[in-house]
Amino acid sequence: MLSLLLFLLLAIVTIPISSHAFFSHALKAAKTRLRSRGLVLSGGQPFKAEEGLVPDFCLAILGDLHLDRYDMALHNEGRQHIIDNMAVLKNKLSSPKSQARLVSLGDLGAYGDAGTTTCFEHAKAYLEGYHLPYNLVTGNHDLEGMDEFSTDVENLQAWQDAFGLKFPTFCHQIGEKTLCIGLSTTRFRSSPFSSHEVYIPKAQTIWLENLLKHHPEEEGWRVLVFSHAPPMGAGIRVVQNVHIKNGCAFLNHSSGDEERRVFIRLCKENHCIKAWFSGHFHLSADYEDSITSREGTVFVQTGVMGEKSSRDGRRQSRMVQGDGEGLQVYTVNHHKGGELRLDVTIKYKPGGEDIVEAHGHEDYAHDKWFRAYSPAEEDGCYLQSPEGVILDAMDEEGEGREKVCWWHMADGRVLGVHEGQVIEYDAETLSPLGIVVDKEQLRGREMVVVGEGQALILVSSLEALSKETTEGDYEIIHPNEDGSYWRRRQRNKLVRQREKEREKIAADWLKQNFK
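Predicted, not measured: the structure shown is a model, and the values here were computed from it.

Novice: Would you mind going over the nonpolar core with me for this structure?
Specialist: In summary, soluble globular proteins display a tendency toward joint burial of nonpolar side chains. Counting 55 residues, the largest nonpolar core has I181, L183, W276, W407, V436, M447 and L456 as the members making the most contacts within it. Looking at this core element by element, the count peaks at 5 residues for helix α8 (residues 257-269). The next biggest cluster of nonpolar side chains, apart from the first, holds 34 residues, and it includes L93, Y126, F149 and F163.

Novice: Hey, could you run me through the layout of surface pockets in this one?
Specialist: Gaps left between atoms are located by rolling a probe of water-molecule size over the structure's atoms. When its volume is computed, the largest pocket comes out at roughly 490 Å³. Every residue lining the largest pocket is counted, 24 residues in all, and those nearest its centre are G235, R294, S374, P375 and L430. Of the residues that constitute the lining of the largest pocket, the class distribution is 12 nonpolar, 6 polar and 6 charged. Considering only enclosed or pocket space, the second largest pocket measures out at about 260 Å³ in volume. Along its surface, the second largest pocket is lined by 16 residues, and Q45, L165, K166, T169 and F170 are the ones closest to its centre. Looking at the lining of the second largest pocket, the elements that each hand over two or more residues are β3 (134-136) and β4 (170-175).

Novice: Where do I start with the packing of aromatic side chains in this structure?
Specialist: Each aromatic ring pair is described using two quantities: the centre-to-centre distance and the angle formed by the ring planes. Tallying each qualifying case throughout the model produces 8 aromatic pairs. Both rings, one in F226 and one in F277, keep their centres 5.3 Å apart while their planes meet at 15°; by these two values the pair is stacked. Of this pair, F226 sits in strand β6 (residues 222-226) while F277 sits in strand β7 (residues 273-278), placing them 51 residues apart in sequence. When sorted by exposure, F226 lands in the same class as F277, which is buried. On the basis of an interplanar angle of 80° and a centroid distance of 6.3 Å, the ring pair of F263 and W276 is categorised as edge-to-face. Taken as a pair, F263 in helix α8 and W276 in strand β7 lie far apart in primary sequence, 13 residues in all. Judged by relative accessible area, which is 0%, W276 ranks as buried.

Novice: Is there a simple way to explain helix α5 (residues 152-162) in this structure?
Specialist: For an α-helix, the turn length of 3.6 residues means that residues three or four places apart are oriented alike. Of all the positions in α5, only D152, N155, L156, A158, W159 and Q160 are classed as buried. Where the residues of α5 are buried, they touch α4 (117-128) and β3. Looking one or two residues past α5, G164 carries a phi angle of roughly 65°, positive in sign.

Novice: Even after reading the chapter, I still don't get unusual backbone geometry, so can you show me in this structure?
Specialist: Among all residues save glycine, negative phi is the norm, and among peptide bonds the norm is trans. Positive phi values are uncommon outside glycine, yet N252 reaches one of about 60°. Here N252 lies in the loop between α7 (240-244) and α8. Here the phi dihedral of E452 falls at roughly 55°; this positive angle occurs in a residue that is not glycine. Structurally, the position occupied by E452 is in the loop between β19 (446-450) and β20 (455-459). The exposed category is assigned to E452, whose relative accessible area is 70%.

Novice: When you look at the sheet that holds strand β12 (residues 339-347) in this model, what are you seeing that I'm missing?
Specialist: Strand pairing within a sheet occurs via backbone hydrogen bonds; the two strands may be parallel or antiparallel. With mixed pairing, 7 strands are arranged side by side in an open sheet as β3-β2-β1-β10-β11-β12-β13. The open sheet has two free edges, formed respectively by β3 and β13 (355-358), since each of these has just one partner strand. With direction set aside, neighbouring strand axes in the sheet form an average angle of 20°. Sheet topology places strand β2 (residues 99-104) next to β3; 3 bridges connect them, and they run parallel. Counterpart to S104 in the pairing with β3 is L136.

Definitions and cut-offs
- Residues numbered from 1 in each chain as written.
- Predicted model: local features only at pLDDT ≥ 70, side-chain atom pairs only at ≥ 80, totals over all residues.
- Heavy atoms only, no water.
- Core = buried A, V, L, I, M, F, W, Y, C linked by side-chain atoms within 4.5 Å.
- Buried < 20%, exposed > 50% of the residue type's maximum accessible area, 1.4 Å probe, protein only.
- Helix = DSSP H or I, 4+ residues; strand = E, 2+ residues; numbered from the N terminus.
- 1 Å grid on protein atoms, 1.4 Å probe; cavity = no way out; pocket = protein on both sides within 12 Å on 5 of 7 lines; lining within 4 Å.
- Points joined across faces, edges and corners; volume = space filled by probe spheres on them.
- Nonpolar A, V, L, I, M, F, W, Y, C, P; charged D, E, K, R; others polar.
- Phe/Tyr/Trp six-rings, centres within 6.5 Å; stacked < 30°, edge-to-face > 60°.
- Contact = heavy atoms within 4.5 Å.
- Pairing = 2+ DSSP bridges.
- Axes fitted to C-alpha atoms, helices over the stretch in contact; angles between N-to-C directions.

What follows is the structure in structure tokens.
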């Protein structure tokens, strides 16, 4: 059948244009027959389901590695923790045919070395040291080899070549009726805003949609998805003043509304997606919202193994034990000698809502300063009719930052106040999108909503305004060209780098010619 498809493709190139319509129809028919046999061909790795596999398996999942070639002690120790714990999980498998596998969520290299051929070769040797078959996806830093590669396409190809991959995606059947699917970011230099946005192109989205369509829950299929960043709407903990501020927290964060929302919608529409694993935030699993359940999918944050990469001092990876009945998701505590901790049990309920049982533990009892607020319809903070002063002026000590509220503007956009900043939230998922007005802009000024939500203005004092007030006495917060309000505060890294190069050239010229 594949030979038939190749024949048709060659025929289209060599026959007269007037005959293309017939062969186009024949090509579509051939694709349909291939899909009916289990092959999915669009946008990513072709996949054909296998029969006769056993249902149970175990997985090890690595978060952002950021491997430093000159300081590997903790990563080598962490690898041994995974190997030892994998041996424990393997002993619980029902058959020698049951699979044990490793998945890396990307960001392989240390800062300054990330995205280079040397980095990829070092990471490959490191991953092979687990003595497990493995899959991996790209993270934002994996395309950062700007000194070595001119384009994202070249950088991505180098990553694929290093690991012997034909596609940046993967689809692996790890057990009977169970798929592992991986999605990779494909741009860094070409990002319109933050280079650290994890961007999944449309071709991969179409490929994922086709896979889900042809492997539905109604036929007994279960899917685990892996990506460097989580989908918007997952509800897992994010870092407001880093990833939200810079527009790079979620998949396709700085892209259009539809591109951002497509992934959570796929979860809602395809109950075969049982779990979605991501990294990116460098946060541990020691928060209750490091695992969430939304739209029929359990979303799992994966921590980091290295000490330099950790935001909260904890070093962790994930492990999963699965079978036809459900999943058990574990944390490997590398900072506690490789302790294996059960965090959540998922029991499949075909045709209904899966039972998700969280296992509490004492590690949750610690500072929660990383949390970003997300509105909820019944949280008591919604302003039904926003009008007038929404936020009083903050003093130098920042008094007034404790207020939390949210509302709809007249155009349907959702704004809110949290930690003394004005935040925009996605109107569909109520996930934080970005900062509209930061603390410095608000200091000493009141924020006022006027015209029944049609305009947002900043004034030194509403009481001080009069008929003689001019535009210089207040500031209007205009929406962006796309209708959103949040400001894209982090610019493309390549653009910034080239600006610095030109600035240096100019400074050197001035120094040489005007001493």
